[in-house]
Amino acid sequence: MSSWLIRLSKKRSRQGLYEFLEKQFSLIQPEDRVLTVGAGGKVTELLVEFSKQNSFQVTTFDINEKRNPDIAGDFCTYDFKDFKVDVVVLAEVLQFFKNPQIGIENAQKILKPGGRLILTTPFIFPIHDRPYDLYRFTKHGLKFLLSDFESVTISEKNSALESIDVLWLRLNKIKGKHSYSLKRIIVFTVYYIKRPLTLFLIRYIKTDIMTTGYNVVAFKKLSKYSLSN
């Protein structure tokens, strides 16, 4: 597919993700320590860019040593010992954890009291990175997983109607005879024919029954010692 069509497809299918991350990364304080799970890619690039601007430290973690993380291992089983950070970033990785509950618990363990978890995860979104893409989470499921955190904020990445457009766009992954032409037709149709209709309809159709995914901010509870001082 032409490069400009690929860019258009990515821009729409990742709607709501990078805007959220940019806002959250801009709030990280100088000298804070940050652990991001999943080395490499756009998320890490964006985080490192903000770390240079705001002078905070970034440690990368990944199960794949080929991505050259600072720490290599399975986040759900890794023993961090006394390692503590102010912020944990789990951007588009929770669906790959074999045990998401333990992964969330590990994030909580390494956070300092009052520390922040920045999490994004897909909901209505096609299977990707086979066979490692294991789970999808509803808003209520995320609330359950994060029940030991406080001030949990969960927001949809986009509207129900926009998520339908994303599903169409993700058909650019199809392979086979005539796939090149079909991809061009799909992207062109969604962007220049269906998109205006979507923008019109979302003014009147308000529902949270669908979204491509969720953006989450949650804080570790302050310890009793912290509260008394």
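Residues numbered from 1 in each chain as written. Predicted model: local features only at pLDDT ≥ 70, side-chain atom pairs only at ≥ 80, totals over all residues. Heavy atoms only, no water.

**Digging into the sheet that holds strand β4 (residues 85-91)**
Strands belonging to one sheet form pairs held by backbone hydrogen bonds; the direction of such a pair is parallel or antiparallel. Sheet architecture is open: seven strands sit in the order β3-β2-β1-β4-β5-β7-β6, paired in mixed fashion. Looking at the sheet topology across the chains shown, the edges are occupied by β3 (71-72) and β6 (149-156). Here seven bridges tie strand β5 (residues 111-122) to strand β7 (residues 213-220), and the two strands are oriented antiparallel to one another. Looking at β7, one finds that I118 is bridged to V217. The sheet contacts of helix α3 (residues 41-54) involve β1 (33-37), β2 (57-62) and β4, and relative to β2 the element is tilted by about 165 degrees. (Pairing = 2+ DSSP bridges. Helix = DSSP H or I, 4+ residues; strand = E, 2+ residues; numbered from the N terminus. Contact = heavy atoms within 4.5 Å. Axes fitted to C-alpha atoms, helices over the stretch in contact; angles between N-to-C directions.)

**Here's the deal with the packing of aromatic side chains**
To describe a pair of aromatic rings, one takes the distance between the centres and the angle between the planes. Applying the stated criterion across every chain yields a total of 11 aromatic pairs. On the numbers, 5.5 Å between centres and 80 degrees between planes, the contact of F61 with F75 is edge-to-face. One end of the pair, F61, is in strand β2; the other, F75, is in the loop between β3 and β4, and 14 residues separate them in sequence. As far as the burial class goes, F61 and F75 line up, both buried. (Phe/Tyr/Trp six-rings, centres within 6.5 Å; stacked < 30°, edge-to-face > 60°. Buried < 20%, exposed > 50% of the residue type's maximum accessible area, 1.4 Å probe, protein only.)

**Section: helix α2 (residues 17-26)**
Residues L17, Y18, F20, L21, Q24 and F25 constitute the buried set of α2. Along the axis of α2, the buried residues cluster in a sector spanning 155 degrees; they form a single face. Lining the buried residues of α2 we find α3, β4, β5 and β7. (Arc of directions from axis to C-beta.)

**Topic: the pattern of salt bridges**
Summed over all chains, the structure comprises eight salt bridges. When the shortest N-O distance is used, the salt bridge between E162 and R195 registers 3.4 Å. Separated by 33 residues along the polypeptide, E162 in helix α6 (residues 160-169) and R195 in helix α7 (residues 179-201) bring together distant segments of the chain. On the basis of relative accessible area, R195 is assigned to the buried category, the value being 12%. (Salt bridge = Lys/Arg side-chain N within 4 Å of Asp/Glu carboxyl O.)

**A few points about the confidence of the model for the protein chain**
Mean pLDDT for the protein chain: 89, with 91% of residues reaching 70 or above. Note that residues 225-229 has pLDDT below 50 and, in this model, two contacts with residues that lie over four places away or in other chains. (pLDDT = per-residue confidence, 0-100.)

**Describing the pairing of β5**
Along any regular strand, the residues point their side chains to alternate faces of the sheet. With nine of its 12 residues buried, β5 lies for the most part within the structure. In this view, the connection linking β4 to its parallel neighbour β5 by way of helix α4 (residues 100-110) has right-handed handedness. (Right-handed = clockwise from strand over helix to strand, strands pointing away.)

**A closer look at the environment of K42**
Mapped onto the elements, K42 comes out in helix α3. Look at K42 and you get partly exposed, because its relative accessible area is 42%. Taking the C-alpha atoms as reference points, K42 and Y18, separated by 24 residues in sequence, lie 8.9 Å from one another.

**What about unusual backbone geometry?**
For the bond from R130 to P131, the omega torsion is 0 degrees, close enough to zero to count as cis. Its location among the elements puts P131 in the loop between β5 and α5 (139-145). The backbone of K81 shows a phi angle near 55 degrees, a positive value even though the residue is not glycine. As for its position among the elements, K81 is in the loop between β3 and β4. Residue classification places K81 among the exposed residues on the basis of a relative accessible area of 66%. Located in the positive-phi region is D129, a residue other than glycine, with phi close to 50 degrees. Looking at the secondary structure, you find D129 in the loop between β5 and α5.

**Regarding the packing of α2 against α3**
Two elements in contact, α2 and α3, have axes separated by 10 Å at closest approach and are oriented at 30 degrees. When the interaxial angle is binned, α2 and α3 end up roughly parallel. Between α2 and α3 the crossing geometry is right-handed. Two secondary-structure elements touch here, α2 through Y18, L21, E22, F25 and S26 and α3 through K42, V43, L46, L47, F50 and N54. Class assignment for the residues of the contact of α2 with α3 results in seven nonpolar, two polar and two charged. (Parallel < 35°, antiparallel > 145°, perpendicular 65-115°, else oblique. Left-handed = near helix turned anticlockwise from the far one by under 90°. Nonpolar A, V, L, I, M, F, W, Y, C, P; charged D, E, K, R; others polar.)

**Brief notes about the environment of N158**
Its place among the elements puts N158 in the loop between β6 and α6. A sequence separation of 26 residues divides N158 from Y132, and the C-alpha atoms of the two residues are 25 Å apart. When near neighbours in sequence (up to four residues on either side) are disregarded, N158 contacts Q15, S163, V166, M210, T211 and T212. Only 3.1 Å separates the side chain of N158 from the backbone nitrogen of T212, close enough to count as a polar contact. (Polar contact = N/O pair within 3.5 Å; in protein donor to acceptor, adjacent residues only side chain to side chain.)

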